[in-house]
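Examination of the molecular architecture
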Amino acid sequence: MSILSKLESSIEKWVAPLAGTLGQNRYLTAVKDGGLAALPFLIVGSFLLVFVFPPFPKDTTLSFARAWLDFSSNNFDTLFLPFRVSMGLTTFFMGVGIASSLARHYKLDQITSSLLALFGFLLIATPFVDGNMSTRFFSGEGIFTVIAVSIFTTELYRFLIEKNITIKLPEQVPEGVARSFELLIPVIAVMLILYPLSLLIQNLTGMMIPEAIMKVLAPLVSASDSLAAVVLVVVICNVLWFCGIHGSLLVTSLMGPFWLANLGGNQEALASGVEPTAVFLQGFWDHYLLIGGVGSTLPLCLLLIRSRAAHLRSVGKMSIIPGLFNINEPIMFGAPIVMNPVMFIPFLAVPIFNGILAYFMVDAGLVAKVVAVTPWTTPGPIGAAWAANWALSAFVLSAVCMVTAYTIYYPFFKAYEKTLALDEEKASAELDTQNT
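Remember, predicted model here, so these are calculated numbers, not experimental data.

Right, let's get into the overall build of the chain. Of regular secondary structure, the chain possesses 19 helices and two strands. Put simply, the chain has 436 residues, and 47% of those count as buried. Working note: accessible area of the chain is about 21,100 Å², and carbon and sulfur atoms make up 68% of it. Across the chain, the mean location of the 23 positive side-chain charges is 4 Å away from that of the 27 negative side-chain charges.

Structural data, given as structure tokens:
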């Protein structure tokens, strides 16, 4: 048995079942749905960043750039408000999405679950500072807290409903009034559990619960922004995809909270006028490692279009338009790449090489860091520039990653093309023989 066959057998026996179990886990699904619920607001908020922080040096003498910088400086609070109520309220949108998804799984009232999640989060994450409610934990620093709180409050709500621990009013009472009284016990239960817990944590540690959670998770958050994390995530995602399992969904579900937490740090740094520090974020993943889809297959589409094998030409023509928007199922299953031993090495090597290249370039400060959320369907170089607040360096790096992907895929494509072309010529010769 070859090494590749042994690898495939091991994946089918051990990795695939685990991936399937994780992919169907209700809590991971809820976190993923929470991220998707927040995504439109995050994209809009990110788009507004360029108006607040124009992509020009502060000492520029260009008249247009100088006018834009002066305008943004003079109207900073007005321009920044839409960002504050979109990206600045990431935890609110995620909390609603997570609680709603979990409530849908349990067949509970989704609005009630969402309101309980927000109530619970506000109880433990909104200290008063100088008489005003602090919004410190409403963005990236509160991500892990809102995940935990949304799951806890929904599970508590489910427990109370299943045990029939609720206030029942006579049938003659209007439905709206009856529902309000039914929710009294869940609201009281959330308050009596979370608020005293928050006071206890503050008394013992001097920290709010979100601060304590971030301190405990600090090693994981730091590790998630490392080169080792980049390589590990690529290997997991692409090996699963090679076996026909949607590895991208699993990876983004697991990494999403870490990416958002680190993104919040980058945005705070940008707003404070200091250099952002986090490298491996969603925009890095999407626009340096997934150009054309998982495995960066857009350059491979360009190779297929000019192939002398008819099958590959047809797949290339069918795949090029979706590939521009990072949708590559046609080439994954049409070429195919899935379970194709010839293409396994470049399919894995391309994102690993580009990940290492991009990580060092961004970490060294030669390329601007990600500070915005972009639609994953945004074409690579454009999305990379957008994610880095329209920095030209990010556009160039994404284009370089396309060139390296083309270069790595080329010899393997030629070997695969030769095999298919010979098979097609043989089949054509046999058909001619039969016709004569």
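On to empty space enclosed by the protein, then. Scanning all chains against the criterion turns up two cavities of 30 Å³ or more. Its boundaries defined by the atoms lining it, the largest cavity holds a volume of some 60 Å³. Along the walls of the largest cavity sit Met 87, Thr 90, Ser 139, Gly 140, Ile 143, Leu 260, Leu 263, Gly 264 and Gln 267, which together make up its complete lining. Element by element, the count of residues in the lining of the largest cavity is highest for helix H12 (residues 247-272), at four residues. In terms of residue class, the lining of the largest cavity is made up of four nonpolar, five polar and no charged. Counted as a void, the second largest cavity has a volume near 40 Å³. In terms of lining residues, the second largest cavity is bounded by Leu 300, Leu 304, Leu 312, Ala 335, Ile 337, Met 343, Phe 413 and Tyr 416. Listing elements by their share of the lining of the second largest cavity, those giving two or more residues are helix H14 (298-305) and helix H19 (392-435). Here the lining of the second largest cavity is built from residues that sort into eight nonpolar, no polar and no charged.

Here we come to helix H2 (residues 26-52). Look at H2: 39 Å from first C-alpha to last across 27 residues, which is about the 39 Å you get at 1.5 Å a residue. Remark: the principal bend of H2, roughly 40°, maps to Leu 39, with a proline, Pro 40, within the next four residues. Capping of H2 at its N-terminal end is provided by Asn 25; its side-chain oxygen lies 2.9 Å from the backbone amide nitrogen of Tyr 27.

This brings us to the side chain of Gln 267. Within the secondary structure, Gln 267 is located in helix H12. What Gln 267 contacts, discounting residues up to four positions off in sequence, is Ser 46, Leu 49, Phe 83, Met 87, Val 371 and Ala 372.

Once that is clear, we can look at the nonpolar core. Across soluble globular proteins, nonpolar side chains show a tendency to be buried alongside one another. If you look at the biggest cluster of nonpolar residues, it comprises 99 residues, and the most contacted ones within it are Phe 280, Phe 284, Trp 285, Tyr 288 and Leu 300. Once residues within four sequence positions are removed from consideration, Leu 300 is found in contact with Ile 331, Ile 337, Met 343, Tyr 409 and Phe 413. Core analysis: the next-biggest nonpolar cluster, separate from the first, contains six residues, Met 214, Leu 217, Val 221 and Phe 258 among them.

This part is about the packing of aromatic side chains. Tallying each qualifying case throughout the model produces 25 aromatic pairs. When the centroid spacing of 6.0 Å and the interplanar angle of 85° are considered together, the rings of Phe 53 and Phe 80 count as edge-to-face. You can see Phe 53 sitting in the loop between H2 and helix H3 (63-74) and its partner Phe 80 sitting in helix H4 (residues 76-84), a full 27 residues away along the chain. In this structure Phe 80 comes out as buried when scored by relative accessible area, which is 5%. Aromatic side chains Phe 56 and Trp 68 sit 5.5 Å apart centroid to centroid with 65° between the ring planes, which places their arrangement in the edge-to-face category. Separated by twelve residues along the polypeptide, Phe 56 in the loop between H2 and H3 and Trp 68 in helix H3 bring together distant segments of the chain. Three or more aromatic residues joined by ring pairs form one cluster here, namely Phe 47, Phe 51, Phe 56, Phe 64, Trp 68, Trp 386 and Trp 390. Sitting above the plane of the Tyr 106 ring, Arg 158 keeps its charged end 4.3 Å from the centroid.

Moving on to the layout of surface pockets. By volume, the largest pocket amounts to about 800 Å³. Lining the largest pocket are 36 residues, with Leu 36, Thr 252, Gln 282, Asp 286 and Trp 376 sitting closest to its centre. Of all elements in the fold, only H2, H12 and helix H13 (282-289) reach the threshold of two or more residues within the lining of the largest pocket. Broken down by element, the lining of the largest pocket gets its largest block of residues, nine residues, from H12.

What follows concerns the environment of Ala 223. In this structure, Ala 223 sits in helix H10 (residues 209-223). Note: C-alpha distance between Ala 223 and Phe 258 (35 residues apart in sequence) is 9.6 Å.

Side chains that differ in sign of charge can pair as their charged atoms come close. What the rule picks out here adds up to eight salt bridges. Here Arg 158 makes a salt bridge to Glu 155, at a shortest N to O gap of 2.8 Å. Taken together, the residues span about one helical turn, with Arg 158 and Glu 155 both in helix H7 (residues 143-162) at a distance of three residues. Classification of Arg 158 as partly exposed rests on a relative accessible area of 22%.

Averaged over all residues, the pLDDT of the chain equals 87, while 90% of them reach at least 70. When pLDDT is averaged over each helix and strand of the chain, the minimum, 61, is found for helix H1 (residues 3-24) and the maximum, 95, for H13.

What counts and what doesn't
- Residues numbered from 1 in each chain as written.
- Predicted model: local features only at pLDDT ≥ 70, side-chain atom pairs only at ≥ 80, totals over all residues.
- Heavy atoms only, no water.
- Helix = DSSP H or I, 4+ residues; strand = E, 2+ residues; numbered from the N terminus.
- Buried < 20%, exposed > 50% of the residue type's maximum accessible area, 1.4 Å probe, protein only.
- Areas by Shrake-Rupley, 256 points an atom, 1.4 Å probe, with all protein chains shown as cover.
- Lys, Arg positive; Asp, Glu negative; His and termini not counted.
- Charge placed at Lys NZ, Arg CZ, Asp CG, Glu CD.
- 1 Å grid on protein atoms, 1.4 Å probe; cavity = no way out; pocket = protein on both sides within 12 Å on 5 of 7 lines; lining within 4 Å.
- Points joined across faces, edges and corners; volume = space filled by probe spheres on them.
- Nonpolar A, V, L, I, M, F, W, Y, C, P; charged D, E, K, R; others polar.
- Expected span 1.5 Å × (residues − 1).
- Bend = angle between axes of the 7 residues up to and from the residue.
- Polar contact = N/O pair within 3.5 Å; in protein donor to acceptor, adjacent residues only side chain to side chain.
- Contact = heavy atoms within 4.5 Å.
- Core = buried A, V, L, I, M, F, W, Y, C linked by side-chain atoms within 4.5 Å.
- Phe/Tyr/Trp six-rings, centres within 6.5 Å; stacked < 30°, edge-to-face > 60°.
- Lys NZ or Arg CZ within 6 Å of the ring centre and 35° of its normal.
- Salt bridge = Lys/Arg side-chain N within 4 Å of Asp/Glu carboxyl O.
- pLDDT = per-residue confidence, 0-100.

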